[in-house]
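Structure assessment
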Amino acid sequence: MENVALIGLSNQVALRREMDVIANNLANLNTTGFKADNVVFEEFINPTARDATFQRGRDRRVSFVWDRATTHNLAQGEIQPTGNALDVAIGGSGMFMVRTPDGDRYTRNGSFELNAQNQLVTKQGYPVLGEGGPITLLASDTNLTISKDGTIATAQGVRGKLRLAEVASLKDLRKEGENLFSLVGGAQTTPVRFPDVRQNYLERSNVRPVVELSRMIEVNRAYQSLSSMIEKYDQLRRESIRSLGDVTR
């Protein structure tokens with residue numbers, strides 16, 4: 001295939017990837033604590049042969065599109081009241097820590113509940129971690145309160161303190177599904193210095209629907225334009241080959 005078709009194909013692959021990301025953002029518009037994703041594109045220069053005998057201007061580099069990475073937008077979403085004592089939101093930076101079968105993970109989704117063992121868990125059943133491990137309440141506990149620093153107490157006494165962590169860079173986090181993040185490589189977390197835990201509140205998704213829909217329309221138009229260009233190029237090539245092969249002229 002000629003360079004025109006290859007370059008067009010690289011653009012289409014990148015646009016398809018961006019469309020997938022946009023669709024996932026919109027699908028999680030109402031997911032508590034969800035963080036939107038963005039695609040990072042980069043120019044990829046195809047290496048070319050080098051020889052002093054080539055005619056000037058013939059040895060040109062070919063530029064392709066490369067969807068290099070997907071980044072996470074950790075900007076805070078809107079915090080809304082729920083009236084549920086087990087709903088918790090974080091104002092500012094920081095993430096809750098939960099324990100999964102694959103290890104400790106991080107989330108901004110503070111929609112918690114109690115399991116059969118009176119452990120504080122996520123909707124998926126993963127234990128929420130405190131500074132001393134999973135947080136367990138007593139069956140006789142009443143008047144649950146969660147203070148600004150994350151301390152969980154009842155009328156019968158203190159039951160633990162939410163463990164909040166933050167990372168130095170977005171590059172340290174990787175999405176793993178179920179609204180959870182894991183650490184990349186040897187990345188480390190640090191405790192949140194000034195926690196702002198808000199009981200009876202939940203953080204909404206930070207996806208901006210109008211922006212995402214605008215991006216979707218833009219990507220769709222770009223994809224259609226590329227498809228039309230490639231189709232016209234193929235048609236021109238077929239007609240050229242047909243004309244050159246017509247020995248009756």
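Let me sum up the structure you'll find in this document. (Residues numbered from 1 in each chain as written. Predicted model: local features only at pLDDT ≥ 70, side-chain atom pairs only at ≥ 80, totals over all residues. Heavy atoms only, no water.)

Broken down by element type, the chain carries 2 helices and 19 strands. Across the 249 residues that make up the chain, the buried fraction comes to 35%. Restricting to contacts in the chain with at least 6 residues of sequence separation, those with at least 24 account for 63%. Accessible surface, the chain: about 14900 Å² in total, of which carbon and sulfur atoms supply 51%. (Helix = DSSP H or I, 4+ residues; strand = E, 2+ residues; numbered from the N terminus. Buried < 20%, exposed > 50% of the residue type's maximum accessible area, 1.4 Å probe, protein only. Contact = heavy atoms within 4.5 Å. Areas by Shrake-Rupley, 256 points an atom, 1.4 Å probe, with all protein chains shown as cover.)

What follows deals with the nonpolar core. Of all hydrophobic cores here, the largest spans 19 residues; its most connected members are Val-88, Phe-96, Leu-120, Ile-152, Leu-162 and Leu-164. Those elements giving two or more residues to this core turn out to be β4 (88-90) and β5 (95-100). Ranked by size, the runner-up nonpolar core spans 7 residues in total, among them Met-97, Leu-129, Leu-173 and Phe-181. (Core = buried A, V, L, I, M, F, W, Y, C linked by side-chain atoms within 4.5 Å.)

Okay, the sheet that holds strand β12 (residues 151-154) next. Sheet strands line up and pair through hydrogen bonds in the backbone, either parallel or antiparallel. As summarised here, the arrangement of the 3 strands in space is β11-β12-β13, forming an open sheet in which the pairing is antiparallel. The open sheet terminates on both sides in strands that have one partner only, identified here as β11 (145-146) and β13 (157-161). (Pairing = 2+ DSSP bridges.)

Before going further, it helps to examine unusual backbone geometry. Positive phi values are uncommon outside glycine, yet Asn-179 reaches one of about 65°. For Asn-179, the position within the fold is in the loop between β15 (173-177) and β16 (180-183).

Another aspect to go through is the packing of aromatic side chains. Per the counting criterion, the structure on display carries 1 aromatic pair. Here Phe-96 and Phe-112 contribute two aromatic rings whose centre-to-centre distance is 5.1 Å and whose plane-to-plane angle is 80°, an arrangement assigned as edge-to-face. Pair noted here: Phe-96 is in strand β5 and Phe-112 is in the loop between β6 (103-107) and β7 (113-114), with a separation of 16 residues, a long-range link. In this structure, Phe-96 and Phe-112 share a single accessibility class: buried. (Phe/Tyr/Trp six-rings, centres within 6.5 Å; stacked < 30°, edge-to-face > 60°.)

Turning to the side chain of Arg-215, a few remarks are in order. Within the secondary structure, Arg-215 sits in helix α2 (residues 209-244). At 3.1 Å, the side chain of Arg-215 forms a polar contact with the side chain of Glu-212. If sequence neighbours within four positions are ignored, Arg-215 has contacts with Glu-18, Ile-22, Asn-25, Asp-37 and Asn-38. (Polar contact = N/O pair within 3.5 Å; in protein donor to acceptor, adjacent residues only side chain to side chain.)

What follows deals with the pattern of salt bridges. Applying the stated criterion across every chain, the model contains 12 salt bridges. With its nearest N and O atoms 2.8 Å apart, the salt bridge here joins Arg-159 to Asp-141. Within this pair, whereas Arg-159 is found in strand β13, its partner Asp-141 is found in the loop between β10 (133-134) and β11, the two being separated by 18 residues in sequence. For Arg-159, a relative accessible area of 21% corresponds to the partly exposed category. (Salt bridge = Lys/Arg side-chain N within 4 Å of Asp/Glu carboxyl O.)

Next up on the list: the environment of Arg-204. Looking at the element boundaries, Arg-204 is found in the loop between β19 (201-203) and α2. Overall, the relative accessible area of 31% leaves Arg-204 in the partly exposed class. Sequence-wise, Arg-204 and Gln-80 are 124 residues apart; in three dimensions their C-alpha atoms are separated by 7.3 Å. Setting aside residues up to four positions removed in sequence, Arg-204 forms contacts with Leu-29, Asn-30, Thr-31, Gly-33, Gly-77, Glu-78 and Gln-80. A distance of 3.5 Å separates a polar atom in the side chain of Arg-204 from a polar atom in the side chain of Asn-30.

Let us look at α2. Its 36 residues place the ends of α2 52 Å apart at the C-alpha level, agreeing with the 52 Å of an ideal helix rising 1.5 Å per residue. Among the residues of α2, Glu-212, Arg-215, Val-219, Leu-226 and Ile-230 are the ones counted as buried. (Expected span 1.5 Å × (residues − 1).)

What follows is about the environment of Thr-82. Here Thr-82 shows up in the loop between β3 (79-81) and β4. Given a relative accessible area of 38%, Thr-82 falls into the partly exposed group. Through-space distance from the C-alpha of Thr-82 to that of Tyr-201 is 5.4 Å; in sequence the pair is 119 residues apart. Separated by 3.2 Å, the side chain of Thr-82 and the backbone nitrogen of Asn-84 make a polar contact.

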